[in-house]
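# A structural walkthrough
These are the residues of each chain, in order.
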Amino acid sequence: MQPTLLSITARIRRTPFTDRVVAAGVRSYTVYNHMLLPSSFESVEADYHHLKRHVQVWDVSCERQVEIRGPDAFRLTQLLTPRDLSHMQDDQCYYTPMVDESGGMLNDPVTLRIEEDCYWVSIADSDLLYWAKGIAAGMRLEVDVDEPDVSPLAVQGPKADDLMARVFGETVRDIRFFRYRRLAFEGREMVVARSGYSKQGGFEIYVDGGEYGEPLWDALFAAGEDLGVRAGCPNMIERIEGGLLSYGSDMTRENTPHECGLSRFCDTRAAIGCIGREALLRMLHDGPARQIRGVRIQGDAVPNCTEPWLVHADGHAVGKVTSAAWSPDLRTNVAIGMIDASHWNIGTTVEVDTPSGTRLADVSALPFVK
Ligand code: THG
């Protein structure tokens with residue numbers, strides 16, 4: 001059962017771009033960090049084709065920043081994650097699994113080192129602010145933890161460099177992956193990073209001050225007319241093809257970073273202080289009993305995965321699928337799931353209980369598309 005309408009109330013926060021997003025013809029929204037996040041414009045499939053060929057501007061304001069500022073900023077940020085932050089440079093962004101005391105995933109944000117004593121944690125959909133504030137208060141750390149008026153605007157797609165160069169200057173082309181520069185728009189310096197929740201390349205502008213939202217949106221659209229710029233949003237099909245995980249769907253507090261395939265972002269031994277460090281070190285010996293995999297589901301297009309779908313083989317449950325979509329380019333259904341060790345080898349045949357019946361499927365590596 002799928003609701004067809006979302007009632008918008010004051011609890012669901014608007015963004016600095018909402019009026020522009022509506023004017024651009026947004027068709028559907030989801031809610032992320034208590035804030036509106038567009039989920040389609042023309043259609044998820046039409047948006048997908050456009051994203052892979054042209055350039056889109058995404059209102060991803062819902063990627064809220066948890067700002068950790070003060071003499072203990074490094075200490076608190078390192079308490080949150082098993083990724084070693086000690087060598088982070090002032091222009092770097094790190095993808096950072098964040099875990100609780102049992103090693104359970106609390107969030108999978110991008111962390112930016114803004115200054116020696118200031119980090120921005122660009123969060124996925126969970127209230128990490130309260131976890132960070134609780135630790136800071138409980139440990140009497142010398143930090144301020146707050147949510148600043150910063151709203152990421154993503155520019156994604158193969159023509160993103162060309163569009164951004166027209167608005168921020170040719171220097172954007174020199175920004176390396178997961179690095180940022182401070183670039184001016186209308187006299188205001190903003191963090192511009194080469195990052196974003198797609199595999200098509202692009203940037204994220206951390207719009208510092210909601211009043212710059214509409215002028216920047218308008219400048220990007222004026223500059224990109226001949227590039228075919230359109231309003232877009234994180235695209236379900238493209239992100240599954242690219243193996244980008246969605247916190248709350250593909251992973252929850254029930255999962256460790258190793259189950260999520262995020263071991264390469266953990267330096268647990270070096271991450272001295274990390275709250276989940278002991279729990280994660282204990283796990284390193286045995287390794288996970290299940291792990292994130294791609295799943296190729298046979299047959300015609302499956303509906304949206306609004307609750308986990310059981311994966312089974314020989315009459316036994318062996319996992320679940322948590323995200324699924326028809327891939328027009330791969331001409332098959334692509335999915336992300338958590339699969340038990342007994343069946344996680346690439347190529348293993350399984351069955352998936354979808355709302356449109358039990359389907360044959362096979363376990364696949366992520367990403368589906370390199
Ligand atoms: N950008 C910013 N904030 C975010 C997201 C983002 N917050 C919410 C959400 N997305 C967090 N989740 C992710 C998941 C994947 C990536 C980034 C944020 C990502 N991963 C790359 C990959 O898997 O290919 C590579 C990361 C790396 O190699 O370091 O980009 O998108 N600001």
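For the structure itself, consult the block above.
Attention here is on the structure that accompanies the text. (Residues numbered from 1 in each chain as written. Predicted model: local features only at pLDDT ≥ 70, side-chain atom pairs only at ≥ 80, totals over all residues. Heavy atoms only, no water.)

### Section: the pattern of salt bridges
Throughout the structure, instances matching the rule amount to 22 salt bridges. In this structure, Arg 69 and Glu 115 form a salt bridge, with 3.7 Å as the shortest nitrogen-oxygen distance. You can see Arg 69 sitting in strand β4 (residues 65-69) and its partner Glu 115 sitting in strand β8 (residues 110-115), a full 46 residues away along the chain. Take Arg 69: its relative accessible area is 33%, and that puts it in the partly exposed class. Taking relative accessible area as the criterion, Glu 115 reaches 38% and is therefore assigned partly exposed. With a shortest N-O distance of 2.8 Å, Arg 239 and Asp 250 are connected by a salt bridge. Taken together, the positions of Arg 239 in helix α7 (residues 236-241) and Asp 250 in the loop between α7 and α8 (277-286) put the pair eleven residues apart, joining distant regions of the chain. For Arg 239, a relative accessible area of 6% corresponds to the buried category. When salt bridges with common partners are traced through the structure, they connect Arg 13, Arg 64 and Glu 147 into a single cluster. (Salt bridge = Lys/Arg side-chain N within 4 Å of Asp/Glu carboxyl O. Helix = DSSP H or I, 4+ residues; strand = E, 2+ residues; numbered from the N terminus. Buried < 20%, exposed > 50% of the residue type's maximum accessible area, 1.4 Å probe, protein only.)

### Considerations on the pairing of β8
With respect to burial, β8 is a largely interior element, five of its six residues being buried. Note: strand β5 (residues 93-95) against β8, three bridges, orientation antiparallel. In the sheet register, Cys 93 faces β8, and the bridge partner there is Leu 112. Where β8 and strand β9 (residues 118-122) come together, five bridges link them in antiparallel fashion. Residue pairing in the sheet places Leu 112 in a bridge with Trp 120 of β9. As consecutive antiparallel partners, β8 and β9 are separated by two residues. (Pairing = 2+ DSSP bridges.)

### What to know about the side chain of Thr 18
As for its position among the elements, Thr 18 is in helix α1 (residues 18-23). Beyond its immediate chain neighbours, meaning those up to four positions away, Thr 18 contacts Tyr 29, Leu 36 and Asp 59. (Contact = heavy atoms within 4.5 Å.)

### Some details on unusual backbone geometry
With an omega dihedral of -5°, the bond running from Leu 366 to Pro 367 counts as a cis peptide bond. Even without being glycine, Asn 33 reaches a positive phi, approximately 50°. Turning to its location among the elements, Asn 33 is positioned in the loop between β1 (28-32) and β2 (35-40). A positive phi angle, close to 50°, is found at Glu 186, a residue other than glycine. Its place among the elements puts Glu 186 in the loop between β12 (180-185) and β13 (188-193). Residue Glu 186 is classed as exposed on the basis of its relative accessible area, which comes to 56%.

### Concerning the site of the ligand
Around the ligand, a shell composed of 17 residues is seen, among which Asp 108, Ser 122, Lys 199, Glu 204 and Tyr 206 lie nearest. Between the ligand and Lys 199, the relevant distance is 3.2 Å, taken from an oxygen atom to a side-chain nitrogen or oxygen of the residue. Take Tyr 206: an N or O atom from its side chain is 2.8 Å from a nitrogen atom of the ligand. Burial of the ligand by the surrounding chains reaches 88%, relative to a free accessible area of 640 Å². Its residues assigned to classes, the shell around the ligand comprises eleven nonpolar, two polar and four charged. (Near = heavy atom within 4 Å. Polar contact = N/O pair within 3.5 Å; in protein donor to acceptor, adjacent residues only side chain to side chain. Areas by Shrake-Rupley, 256 points an atom, 1.4 Å probe, with all protein chains shown as cover. Nonpolar A, V, L, I, M, F, W, Y, C, P; charged D, E, K, R; others polar.)

### Section: the packing of helix α3 (residues 73-80) against helix α4 (residues 128-138)
It is the contact of α3 with α4, at a shortest axis distance of 11 Å, that shows an interaxial angle of 125°. Judged on the interaxial angle alone, α4 and α3 are oblique. Considering only the axes of α3 and α4, their crossing is right-handed. Within the contact between the two elements, α3 uses Leu 76, Leu 79 and Leu 80 and α4 uses Trp 131, Ala 132, Ile 135 and Ala 136. A class-by-class count of the residues in the contact of α3 with α4 yields seven nonpolar, no polar and no charged. (Axes fitted to C-alpha atoms, helices over the stretch in contact; angles between N-to-C directions. Parallel < 35°, antiparallel > 145°, perpendicular 65-115°, else oblique. Left-handed = near helix turned anticlockwise from the far one by under 90°.)

### Notes on the side chain of Thr 77
Considering the arrangement of structural elements, one finds Thr 77 in helix α3. The exposure class assigned to Thr 77 is buried, which follows from its relative accessible area of 0%. Ignoring any residue separated from it by four or fewer positions in sequence, one finds Thr 77 in contact with Ile 68, Leu 85, Thr 111, Tyr 119 and Val 121.

### Focus: the sheet that holds β4
Within the open sheet, the five strands sit side by side as β5-β8-β9-β4-β10. Their pairing is antiparallel. Each edge of the open sheet carries a strand with a single partner, namely β5 and β10 (144-146). Between one strand axis and the next, the sheet turns through 20° on average, direction left out of account. As paired elements, β4 and β10 share three bridges and run antiparallel to each other. Bridged to Arg 69 within β10 is Asp 144.

### A closer look at the sheet that holds β13
Across the sheet, which stays open at both edges, the six strands sit in the order β12-β13-β14-β11-β3-β15 with mixed pairing between neighbours. The strands lining the two open edges of the sheet, one partner per strand, are β12 and β15 (230-232). In this sheet, adjacent strand axes meet at a mean angle of 30° when their direction is disregarded. One ladder, built from three bridges, connects β13 with strand β14 (residues 202-208); its direction is antiparallel. Considered in β14, the bridge of Val 191 is made with Tyr 206. The sheet strands contacting helix α2 (residues 44-53) are β3 (56-59), β11 (150-156) and β15, and the helix crosses β3 at an angle near 120°.

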